[in-house]
Amino acid sequence: MKPPLSSPTSSSVLRKARFSPYLFTLLAFIVFVAVLYGEDFRCIGELGSESESRPIEKRRENLPFAVGEIEGGRCDVFNGMWVRDESNRPLYQESECPYIQPQLTCLEHGRPEKEYQFWKWQPHDCSLPKFNATLMLESLRGKRMMFVGDSLNRGQYVSMVCLLHSLIPEDAKSMETFDSLTVFTAKEYNATIEFYWAPFLLESNSDNAVIHRVSDRIVRKGSINKHGKHWKGVDILVFNTYLWWMTGLNMKILRGSFDDEVKDIVEVTTEDAYRMAMKSMLKWVGKNMDPKKTRVFFTSMSPTHAKSIDWGGEAGGNCYNETTMIEDPKYWGSDCRKSVMEVIGEVFSKSKVAVTFLNITQLSLYRKDAHTSIYKKQWSPLTPEQLANPVSYADCVHWCLPGLQDTWNELLFTKLFYP
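Residues numbered from 1 in each chain as written. Predicted model: local features only at pLDDT ≥ 70, side-chain atom pairs only at ≥ 80, totals over all residues. Heavy atoms only, no water.

Description of the state of the cysteines
- In total, this model carries 4 disulfides according to the counting rule given.
- Between the sulfur of cysteine 75 and that of cysteine 126 lies a disulfide, 1.9 Å long from S to S. Here cysteine 75 is found in the loop between helix 2 (21–45) and strand 1 (80–84), whereas its partner cysteine 126 is found in the loop between strand 2 (119–123) and helix 3 (133–139), with 51 residues between them in sequence. Both residues of the pair, cysteine 75 and cysteine 126, belong to the buried class.
- Note on cysteine connectivity: cysteine 319 is disulfide-linked to cysteine 396, with sulfurs 2.1 Å apart. Here the S-S torsion is close to -90°, and the disulfide linking cysteine 319 with cysteine 396 is therefore left-handed. (Disulfide = S-S within 2.5 Å. Helix = DSSP H or I, 4+ residues; strand = E, 2+ residues; numbered from the N terminus. Buried < 20%, exposed > 50% of the residue type's maximum accessible area, 1.4 Å probe, protein only.)

Right, here's the structure in full:
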């Protein structure tokens, strides 16, 4: 049968397309890229949306530490809802983990209820694998795991220690602090879980692990090796940095050394300064971490709940006295800067460095009930005015343990072993 006739014009176009090797090659390349990287492009493109759940995750075959996939196949574990699970939560008792800092022991410091402990994260399309402390410890045998960042990453670090320590005999574990470095050692496993204080990742005037409340913050450009030399040899690295950049002002960047008598300091926007830090981190990871043997994670911004008006509360309030979570699935607080999330998407999407993104922001935004609030050790005596107005000194940044940050580690566990 003869093919149907077509007009001279359309026939000419088809003939030119059919015999153009350049056009054929271009089309083949576009199809290849779309198939190979389609999901990564989609994730990065959605980064700025409020409901974003997994902005960046470089897909790799045979990732180190991986043992399989989530039951039911791949799913977006960051997109879900909180469900009550009183039979299995909390994952440990506050009184049974001696490593929790007094800034995070809410029950010990008078919190009258513990409803915040009974919630688990349930992804919409799958279930998180149960946290397996034995698997984690066996996988860490002869290895180092390190959390690098600020006090929020330290909270996640302590949560991880609490999730594991009960399997280790009392005389076979220890925790020591050396300036910016805190090391938990599981002696029988020849393994360490560590925390390194570096709130900007780069060198700054806030690097003292104890005395770092500096209002005029300065970050030194191109200085990641100042801290990075302490991260070499780590097998699992978990970065975070966000809160310390949020001064509400431009950031001061030092070009040169803190030892220079005359310092060359310039001011840039928070986004530009943060972009500089992200690029430095990725460059360091690319040079110092072997993607065939190690894993690197980056935890997204931890939200605060400093303005109750954001969730429909009264003006002037905050997380104080909040015992229920936010139910609006699209809630986004005014304290979270999307422009910073967009910087992460921009920088990571241009990088070939293998970093797994832990997007804990949206799921944590719902948890106005989980902050330490006033139920923590106060390092300075409270004034009569503060005592008369608890909202004035409520900590709406940090999180009670056990609590929300255990879920962060369940997600870390999932992405480590079931990527």
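That covers the picture; the talk isn't over yet.
What about the sheet that holds strand 9 (residues 251–255)?
- Pairing within the open sheet is mixed, and its 3 strands lie in the order 7-9-10. Of all strands in the sheet, those bounded by a partner on one side alone are strand 7 (218–220) and strand 10 (264–268). In this sheet, adjacent strand axes meet at a mean angle of 35° when their direction is disregarded.
- Lying on the sheet, helix 6 (residues 270–288) is in contact with strand 7, strand 9 and strand 10; it crosses strand 9 at an angle near 45°. (Pairing = 2+ DSSP bridges. Axes fitted to C-alpha atoms, helices over the stretch in contact; angles between N-to-C directions. Contact = heavy atoms within 4.5 Å.)

Regarding the layout of surface pockets
- Each pocket or cavity is described by its volume, and for the second largest pocket that value is around 520 Å³.
- Around the second largest pocket, the lining comprises 22 residues; the ones closest to its centre are Asn88, Leu91, Lys130, Phe131 and Glu410.
- Sorting the residues of the lining of the second largest pocket by element identifies strand 2 and helix 4 (151–164) as the ones contributing at least two each.
- Here the element with the most residues in the lining of the second largest pocket is strand 2; it accounts for 3 residues.
- In terms of residue class, the lining of the second largest pocket is made up of 11 nonpolar, 5 polar and 6 charged. (1 Å grid on protein atoms, 1.4 Å probe; cavity = no way out; pocket = protein on both sides within 12 Å on 5 of 7 lines; lining within 4 Å. Points joined across faces, edges and corners; volume = space filled by probe spheres on them. Nonpolar A, V, L, I, M, F, W, Y, C, P; charged D, E, K, R; others polar.)

A look at the packing of helix 6 against helix 7 (residues 338–349)
- Packing of helix 6 against helix 7 brings their axes to within 10 Å, and their N-to-C directions diverge by 35°. In this structure, helix 6 meets helix 7 at a crossing whose hand is right-handed. Between helix 6, through Glu271, Tyr274, Arg275, Met278, Lys279, Met281 and Leu282, and helix 7, the contact on the second element is made entirely by Ser339, Val340, Val343, Ile344, Glu346, Val347 and Phe348. (Left-handed = near helix turned anticlockwise from the far one by under 90°.)

A look at the packing of aromatic side chains
- Throughout the structure, instances matching the rule amount to 18 aromatic pairs.
- Centre to centre, the rings of tryptophan 231 and tryptophan 284 are 5.2 Å apart; their planes meet at 75°, and the pair counts as edge-to-face. Placement of tryptophan 231 in the loop between helix 5 (224–228) and strand 8 (236–239) and of tryptophan 284 in helix 6 is noted, with a sequence separation of 53 residues between them. Summarising the burial analysis for this pair, tryptophan 231 and tryptophan 284 share the class buried.
- Geometrically, the ring pair formed by phenylalanine 413 and tyrosine 418 is tilted, given 6.2 Å between the ring centres and 55° between the ring planes.
- Looking at tyrosine 418, the relative accessible area reads 21%, which means it is partly exposed.
- Taken together, the aromatic side chains of Trp197, Phe200, Trp244, Trp245 and Tyr274 make up a single cluster linked through ring pairs. (Phe/Tyr/Trp six-rings, centres within 6.5 Å; stacked < 30°, edge-to-face > 60°.)

Brief notes about the nonpolar core
- Membership of the largest hydrophobic core comes to 104 residues, with the highest contact counts inside it found for Phe239 and Phe298.
- Among the elements that make up this core, the one with the highest residue count is helix 6 (9 residues).
- Ignoring sequence-local partners within four residues, the contact set of phenylalanine 298 consists of Phe239, Asn240, Thr241, Tyr274, Met278, Met281, Ile344, Phe348, Val355, Thr356, Phe357 and Leu358.
- Core analysis: the second largest hydrophobic core is formed by 9 residues, Cys106, Tyr393, Ala394 and Cys396 among them. (Core = buried A, V, L, I, M, F, W, Y, C linked by side-chain atoms within 4.5 Å.)

Examining the sheet that holds strand 4 (residues 173–178)
- Read from one edge of the open sheet, 7 strands run 4-5-6-3-8-11-12, paired in mixed fashion. Edge positions in the open sheet fall to strand 4 and strand 12 (356–358), since each of these has one partner strand only. The average undirected angle you get between the axes of adjacent strands in this sheet is 15°.
- Bridge analysis of strand 3 (residues 144–149) against strand 8 gives 4 bridges, and the strand direction is parallel. Its bridge partner lying in strand 8, phenylalanine 147 is registered against valine 238.
- Sheet strands touched by helix 4: strand 3, strand 4, strand 5 (181–186), strand 6 (191–197), strand 8 and strand 11 (295–299). Its angle to strand 6, the strand with the most contacts, is close to 165°.

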